[in-house]
Amino acid sequence: QVQLVESGGGLVQAGGSLRLSCAASGRTLSSYTMGWFRQAPGKEREFVAAIFWSGGSPYYTDSVKGRVTLSRDNAKNTVDLQMNSLKPEDTAVYYCAAGIKTNVVATTSYNYWGQGTQVTVSS
């Protein structure tokens, strides 16, 4: 069993930055693919970024490429999402997830989810 807890959300003006962090307990994250998803009111949960358990280059959805950086620290059991140049359309609840399947963009590939952290970007 893995427990995930997100932190770092908040209210920021457009163009600002936030760093979201996901801390895990219960098991080491080193064997899991880690992903970040977001869900805006009235919309489905959508993929933001992911990185395989072995590391390597993260995957990003097109709308955040160049603005978001995903990193993981297996020793600390954390995964961070640095978000820059934030836009109002980035407003959503952001979720951290852990899974073992290779289709990183699908919510069904993840077995464990955090409770989410709210990100609000004002214009």
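Please read all numbers here as calculations on a predicted model, not as lab measurements.

### A few points about the side chain of Thr-33
Move 1: Summarising the element assignment, Thr-33 is placed in strand β4 (residues 33-39).
Move 2: If sequence neighbours within four positions are ignored, Thr-33 has contacts with Ile-51, Phe-52, Trp-53, Arg-72, Ala-97, Ala-98, Gly-99, Lys-101, Val-104 and Tyr-110.

### Structural notes on the sheet that holds strand β7 (residues 68-73)
Move 1: The strand order across the open sheet formed by four strands is β1-β3-β8-β7, and the pairing between neighbours is antiparallel. Unpaired on one side and paired on the other, β1 (3-7) and β7 mark the two borders of the sheet. The sheet shows a mean angle of 15° between the axes of neighbouring strands, taken without regard to direction.
Move 2: Bridging between β1 and strand β3 (residues 18-25) involves five bridges; their strand directions are antiparallel. Paired with Leu-4 across the strands is Ala-24, a residue of β3.

### What about the pattern of salt bridges?
Move 1: All told, the structure shown has five salt bridges when counted by the stated rule.
Move 2: Salt-bridge contacts for Asp-90 lead to Arg-38; the nearest nitrogen and oxygen are separated by 2.9 Å. A residue pair is termed long-range when its members are at least 10 positions apart, and Asp-90 in the loop between β8 (78-83) and β9 (92-99) and Arg-38 in strand β4 qualify at 52 residues.
Move 3: Taking the shortest distance from any N to any O, the salt bridge between Asp-62 and Lys-65 comes out at 3.1 Å.

### Quick notes on the state of the cysteines
Move 1: Under the criterion given, the structure shown has one disulfide.
Move 2: Between the sulfur of Cys-22 and that of Cys-96 lies a disulfide, 2.1 Å long from S to S. The chirality of the disulfide connecting Cys-22 with Cys-96 is left-handed, given an S-S dihedral of about -75°. Taken together, the residues Cys-22 in strand β3 and Cys-96 in strand β9 connect sequence positions 74 residues apart.

Parameters and conventions
Residue positions are given per chain, counting from 1 as you read along its sequence in written order. Only residues with pLDDT of 70 or above have their local features reported here, since the model is predicted, and side-chain atom pairs are shown and tallied only from 80 upward, although totals for entire chains, interfaces and linings are computed over all residues. For side-chain calculations, the full set of non-hydrogen atoms in the structure is used, while hydrogens and water are omitted. Helix and strand labels come from DSSP, where a helix needs a run of H or I of at least four residues and a strand needs a run of E of at least two; each type is numbered from the N terminus. For this analysis, residues touch if any pair of their heavy atoms sits within 4.5 Å. Note: two strands are recorded as paired if DSSP finds a minimum of 2 bridges between them. To get an axis, a line is fitted to the C-alpha atoms, and for a helix only the part in contact is used. The angle between two axes follows their N-to-C directions and goes from 0 to 180 degrees. A pairing counts as a salt bridge when a side-chain nitrogen of Lys or Arg comes within 4 Å of a carboxyl oxygen of Asp or Glu. Cysteine sulfur atoms that pair up within 2.5 Å are treated as a disulfide.

No statement about biological role is implied by the geometric values presented.
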